[in-house]
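Working through the structure, step by step
Each chain, letter by letter, is given below.
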Amino acid sequence: MTPKEPLKSKIIVFAPVSYSDTDMIAQKLMDGDAVIVKFDNLDANSSARMVDFLNGTIFAIHGAINRLDKNIFICTPANFQISK
């Protein structure tokens, strides 16, 4: 028997340019990856809508969302822990 390689979690960086990028980010979270979202290229209204949507995704997967900087957030599924 050969041992299976453990699943590797990833941290993915996104710099969305439109609200339509939300689905891709949410899918990565549901796949078990953490996501850093940089909102520098997105207008304030779309950024707020995206954060609201991602908060719903985070709630559904028992994850967390934390602000790293003014326009940067990290979204993590339940298997990640962020220390401050």
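The coordinates are above.
Residues numbered from 1 in each chain as written. Predicted model: local features only at pLDDT ≥ 70, side-chain atom pairs only at ≥ 80, totals over all residues. Heavy atoms only, no water.

Time to look at the overall build of the protein. Helix and strand content of the protein: two helices and four strands. Ordered by position in the sequence, the α and β elements of the protein form the string β-α-β-α-β-β. Overall size of the protein, expressed as C-alpha extent along the three principal axes, is 55 × 30 × 20 Å. Within the protein, the fraction of its 84 residues that count as buried is 35%. If you take every contact in the protein between residues at least 6 apart in sequence, the share linking residues at least 24 apart comes to 52%. Approximately 5,800 Å² of the protein is accessible, and the part contributed by carbon and sulfur atoms is 55%. For the protein, the distance from the average position of its 9 positive side-chain charges to the average position of its 9 negative side-chain charges is 5 Å. (Helix = DSSP H or I, 4+ residues; strand = E, 2+ residues; numbered from the N terminus. Buried < 20%, exposed > 50% of the residue type's maximum accessible area, 1.4 Å probe, protein only. Contact = heavy atoms within 4.5 Å. Areas by Shrake-Rupley, 256 points an atom, 1.4 Å probe, with all protein chains shown as cover. Lys, Arg positive; Asp, Glu negative; His and termini not counted. Charge placed at Lys NZ, Arg CZ, Asp CG, Glu CD.)

In this section: the sheet that holds strand β4 (residues 72-76). Through backbone hydrogen bonds, the strands of a sheet pair up, either in parallel or in antiparallel fashion. Strand order in the open sheet made by the four strands is β1-β2-β4-β3, with mixed pairing throughout. Each edge of the sheet is formed by a strand with only one pairing partner; in this case those strands are β1 (11-14) and β3 (64-69). Strand-to-strand twist in this sheet, taken as the mean axis angle between neighbours without regard to direction, amounts to 20°. (Pairing = 2+ DSSP bridges. Axes fitted to C-alpha atoms, helices over the stretch in contact; angles between N-to-C directions.)

Let us now look at the nonpolar core. By size, the foremost hydrophobic cluster in this structure holds 15 residues, and its most contacted members are I25, V37, F39, M50 and L54. Contributions of two or more residues to this core are made by β1, α1 (22-30), β2 (34-38), α2 (44-60) and β4. No other element matches α2, which puts four residues into this core. In contact with L54, other than residues within four places in its own chain, are T22, I25, A26, L29, V37 and C75. (Core = buried A, V, L, I, M, F, W, Y, C linked by side-chain atoms within 4.5 Å.)

Moving on: the pairing of β1. By the alternation rule, side chains of β1 split into I12 and F14, which are all buried, and I11 and V13, of which none is buried. Regarding topology, α1 serves as the crossover connection from β1 to the parallel β2, and that connection is right-handed. (Right-handed = clockwise from strand over helix to strand, strands pointing away.)

What follows covers the packing of α1 against α2. Between two packed helices, the angle of one axis relative to the other and the distance separating the axes together describe the packing. Relative to each other, α1 and α2 sit at 20°, their axes nearing to 10 Å. The angle between α1 and α2 places the two elements in the roughly parallel class. The element α1 and its partner α2 pack so that their crossing is right-handed. Across from T22, D23, I25, A26, L29 and M30 in α1, the residues of α2 making contact are M50, F53, L54, T57 and I58. Counted by class, the contact of α1 with α2 contains eight nonpolar, two polar and one charged residues. (Parallel < 35°, antiparallel > 145°, perpendicular 65-115°, else oblique. Left-handed = near helix turned anticlockwise from the far one by under 90°. Nonpolar A, V, L, I, M, F, W, Y, C, P; charged D, E, K, R; others polar.)

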